Amino acid sequence: MGYYFFIQNFNFFICRQSAKSLLSIYLFLLLLRNKIQTMTFENTLEFAQKLDAQDQLNKYQNEFIFPKVNGKKVIYFTGNSLGLQPKRTKAYIDEVMNDWANLAVEGHFYSEKPWWDYHERFANPLSKIVGALPSEVTVMNTLTVNLHLLMVSFYRPTKTRYKIICEEKAFPSDQYMFQSQVHFHGYKPEDAIVEIKRREGEHNIRLEDVLAKIDEVGDELALVLIGGVNYYTGQVFDMKTITAAGHKAGAKVGWDLAHAAGNIKLELHDWNVDFAAWCSYKYMNSGPGNASGCFIHEKHHNNSELPRFAGWWGHNKERRFKMEPKFDPIHGADGWQISNLPVLSLAPYLASVEMFDEIGMDVLIAKRDKITSYLEFILQEIDKEVDSSFEIITPSNSAERASQLSVLLHGEGRSLFDYLMKNGVITDWREPNVIRLAPVPLYCSFEDMYHFGQILKAGIQG
Ligand SMILES: Cc1ncc(COP(=O)(O)O)c(C=O)c1O
Ligand SMILES: Nc1ccccc1C(=O)C[C@H](N)C(=O)O
């Protein structure tokens, strides 16, 4: 009996153990399969469709209006220049148009979304997008204008500390801005503007070179102002580390976030960034030339020493219409407002931030990384199949890139670009021979990436 009991239990024990191990092996294999599935891509339509089926943002494609070429909706890669029009935007504009028609001047205070404080609706959703306190963000003007205005406050050169560090090949508007600011303060651009160069034969700027340059300029450094994501290469800078290094050298640090807002995870408050500005017409889909967003760190809000170019919309909200002569700035980024709001331009931006708020940056970023990697894979596959070769100059490391791959076309010229455009792939060409591809996660699909690869191959093979 004892023996039997032992055998029985031993069997039971063995069975339980085997069942357990089998289960563990099965779970392990399942995990491995999922892992392999997400890591090993295939250049087939079925595979791309499978990725689309798993994509929780897939339904958002239907929220956007796509231009058509040859009767088919385009594959849109230029959301880093101008985002597509969301269908919901029109209702936001119509609302303002209707209020204007029905209420005229009364609309400033009595419309459903009164115009006089329309911008305050951005504080919450926009602060989440850029990692700020609601009081640290505002929307106004346009990007270069805002950067100029912020430089009025934060570029305060002295005889000994007057230099600006920026990146080599900054977006031209930023270069003109630096030159004109430096002139305005009576310095010479060739002396006061210090560019961080790429190393010979390299396409991207190394963090260690940024830090070394900050160190080298040291006591002469007044301001570091760099594009958080480089417009040409798509390189993402380590803003936290660079901001800390700029501060250590005694300088102010600002960021041009044109290619970063709505594209990458930003923690502007925690990174202790002094100021930043971005446009809303790229990843944030607010329409051509539309309003810009600004960030001004809380630590500067009560500093009455900071100069600024003022206007009545930055004045104490409760007393604005008392028409007093002395400027009393709002404590917060809104204190940098100047004119009454361009409500018709803010309306599409509001539609956009509300869409971002509904989705959240984390979900967007997860898809961004997957679709960018899939596009990279497709490019590599096509490169193997054709004669000419192309080189992706965007960093391959996911921490240093976001929603853009810039491709240097060796041996292919503008005719390839023209072929892509004629065949429904909207991309852009940057001299001397780079095409930029932004597979924006909100409205690009994995299937788009597959079809793009096929069109690219046909274009190269002629
Ligand atoms: C990095 C960067 N800075 C500045 C600008 C200029 O913006 P805006 O014309 O809205 O002032 C752009 C794009 O146009 C840009 O990509
Ligand atoms: N706003 C524009 C109007 C006309 C032509 C281009 C633009 C761009 O935005 C270019 C973009 N900043 C870029 O990174 O190329």
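All values derive from a computational prediction rather than experimental measurement.

**A short note on the domain arrangement of the protein**
Logical step 1: Here the protein is described as being made up of domain 1 (45-86 + 361-461) and domain 2 (117-359).
Logical step 2: Taking the mean C-alpha position of each, domain 1 and domain 2 sit 29 Å from one another.
Logical step 3: Contacts between domain 1 and domain 2 engage 38 residues on the former and 25 residues on the latter.
Logical step 4: When the two sides are added together, the surface that domain 1 and domain 2 hide from each other amounts to roughly 2,500 Å², 58% of it contributed by carbon and sulfur.
Logical step 5: Sorting the residues of domain 1 by area buried against domain 2 places Tyr60, Met361 and Ile393 first, and these three jointly supply 22% of that buried surface.

**Describing the site of ligand 2**
Logical step 1: Ser81, Phe171, Tyr231, His259, Tyr281, Lys282, Arg430 and Arg436 make up every residue found near ligand 2.
Logical step 2: Contact with the protein chains covers 60% of the free accessible surface of ligand 2, which is 370 Å².
Logical step 3: Its residues assigned to classes, the shell around ligand 2 shows 3 nonpolar, 2 polar and 3 charged.
Logical step 4: Counting the residues that make up the shell around ligand 2, at least three belong to each of domain 1 (45-86 + 361-461) and domain 2 (117-359).

**Things to note about a nonpolar patch on the surface**
Logical step 1: Nonpolar side chains collect at one region of the surface, where Phe109, Tyr110, Trp312, Phe321 and Met323 lie side by side and expose about 570 Å² of accessible area between them.
Logical step 2: Mapped onto the elements of the fold, Trp312 is located in the loop between strand 12 (292-296) and helix 11 (343-359).

**Points about helix 11**
Logical step 1: End to end, helix 11 covers 24 Å across 17 residues, agreeing with the expected 24 Å (1.5 Å per residue, within 8%).
Logical step 2: Counting buried residues along helix 11, 13 of its 17 residues qualify, which places the element largely inside the surrounding structure.

**Observations concerning the site of ligand 1**
Logical step 1: Every residue near ligand 1 is listed here: Leu143, Thr144, Phe171, Asp174, Asp256, Ala258, His259, Tyr281 and Lys282.
Logical step 2: Contact distances for ligand 1 include 2.7 Å between a nitrogen atom and a side-chain N or O atom of Asp256.
Logical step 3: In this structure, His259 approaches ligand 1 through a side-chain N or O atom, which is 2.9 Å from an oxygen atom.
Logical step 4: Relative to its free-state accessible area of 390 Å², ligand 1 is covered by the protein chains to the extent of 82%.
Logical step 5: By residue class, the composition of the shell around ligand 1 is 4 nonpolar, 2 polar and 3 charged.

**Some details on the UniProt feature "modified residue: N6-(pyridoxal phosphate)lysine" (unreviewed entry) in the protein**
Logical step 1: In the numbering used here, UniProt assigns the feature "modified residue: N6-(pyridoxal phosphate)lysine" (unreviewed entry) to Lys282.
Logical step 2: Here Lys282 is to be found in the loop between strand 11 (275-279) and strand 12.
Logical step 3: Owing to a relative accessible area of 9%, Lys282 belongs among the buried residues under this scheme.
Logical step 4: Ignoring anything within four residues of it in the chain, the contact list for Lys282 reads Gly79, Asn80, Ser81, Leu82, Gly83, Ala258 and His259.

**Describing the UniProt feature "domain: Aminotransferase class V" (unreviewed entry) in the protein**
Logical step 1: The sites that carry the UniProt feature "domain: Aminotransferase class V" (unreviewed entry) are, in the present numbering, residues 124-284.
Logical step 2: End C-alpha to end C-alpha, residues 124-284 measures 16 Å, and it is 35% helix and 19% strand.

**A look at the packing of helix 5 (residues 123-130) against helix 11**
Logical step 1: Where helix 5 meets helix 11, the closest approach of the two axes is 9 Å, and the angle between their N-to-C directions is 60°. In terms of orientation, helix 5 and helix 11 fall into the oblique class. In the packing of helix 5 onto helix 11, the handedness of the crossing is left-handed. Across from Pro125, Leu126, Lys128 and Ile129 in helix 5, the residues of helix 11 making contact are Tyr349, Val353, Phe356 and Asp357.
Logical step 2: Classifying every residue of the contact of helix 5 with helix 11 by side-chain character gives 6 nonpolar, no polar and 2 charged.

**Overview of the state of the cysteines**
Logical step 1: Counted by the stated rule, this structure contains 0 disulfides.
Logical step 2: Cysteine Cys294 remains unbridged, with the sulfur of Cys279 as its closest cysteine sulfur at 12 Å.

**Some thoughts on the packing of aromatic side chains**
Logical step 1: For the structure on display, the rule yields 23 aromatic pairs.
Logical step 2: Aromatic pair Phe109 and Trp116: ring centres 5.5 Å apart, planes at 45°, arrangement tilted.
Logical step 3: By relative accessible area, Phe109 is classed as partly exposed at 36%.
Logical step 4: Classification of Trp116 as buried rests on a relative accessible area of 17%.
Logical step 5: Ring centres of Phe171 and Tyr231 lie 4.9 Å apart, and the angle between their planes is 90°; on these two criteria the pair is classed as edge-to-face. One end of the pair, Phe171, is in the loop between strand 7 (163-167) and helix 7 (172-184); the other, Tyr231, is in the loop between strand 9 (221-227) and helix 10 (239-248), with 60 residues separating them in the sequence.
Logical step 6: On the basis of relative accessible area, Tyr231 is assigned to the buried category, the value being 14%.
Logical step 7: One aromatic cluster is present, formed by Phe109, Tyr110, Trp116, Trp312, Trp313 and Phe321 through successive ring pairs.
Logical step 8: Positioned above the aromatic ring of Phe66 is the side chain of Lys73, whose terminal nitrogen or guanidinium carbon lies 4.2 Å from the ring centre.
Logical step 9: Its guanidinium or amino end placed over the ring of Trp313, Arg320 lies 4.4 Å from that ring's centre, counting from NZ or CZ.

Calculation criteria
- Residues numbered from 1 in each chain as written.
- Chains lettered and ligands numbered in written order.
- Predicted model: local features only at pLDDT ≥ 70, side-chain atom pairs only at ≥ 80, totals over all residues.
- Heavy atoms only, no water.
- Domains from an automatic or database assignment.
- Contact = heavy atoms within 4.5 Å.
- Buried area = accessible area lost by both parts, 1.4 Å probe.
- Near = heavy atom within 4 Å.
- Areas by Shrake-Rupley, 256 points an atom, 1.4 Å probe, with all protein chains shown as cover.
- Nonpolar A, V, L, I, M, F, W, Y, C, P; charged D, E, K, R; others polar.
- Patch = residues over 30% accessible without salt bridge, like charges linked within 9 Å, V, L, I, M, F, W, Y side chains within 5 Å.
- Salt bridge = Lys/Arg side-chain N within 4 Å of Asp/Glu carboxyl O.
- Helix = DSSP H or I, 4+ residues; strand = E, 2+ residues; numbered from the N terminus.
- Expected span 1.5 Å × (residues − 1).
- Buried < 20%, exposed > 50% of the residue type's maximum accessible area, 1.4 Å probe, protein only.
- Polar contact = N/O pair within 3.5 Å; in protein donor to acceptor, adjacent residues only side chain to side chain.
- UniProt positions renumbered as here; feature names shortened; annotations may be inferred.
- Axes fitted to C-alpha atoms, helices over the stretch in contact; angles between N-to-C directions.
- Parallel < 35°, antiparallel > 145°, perpendicular 65-115°, else oblique.
- Left-handed = near helix turned anticlockwise from the far one by under 90°.
- Disulfide = S-S within 2.5 Å.
- Phe/Tyr/Trp six-rings, centres within 6.5 Å; stacked < 30°, edge-to-face > 60°.
- Lys NZ or Arg CZ within 6 Å of the ring centre and 35° of its normal.

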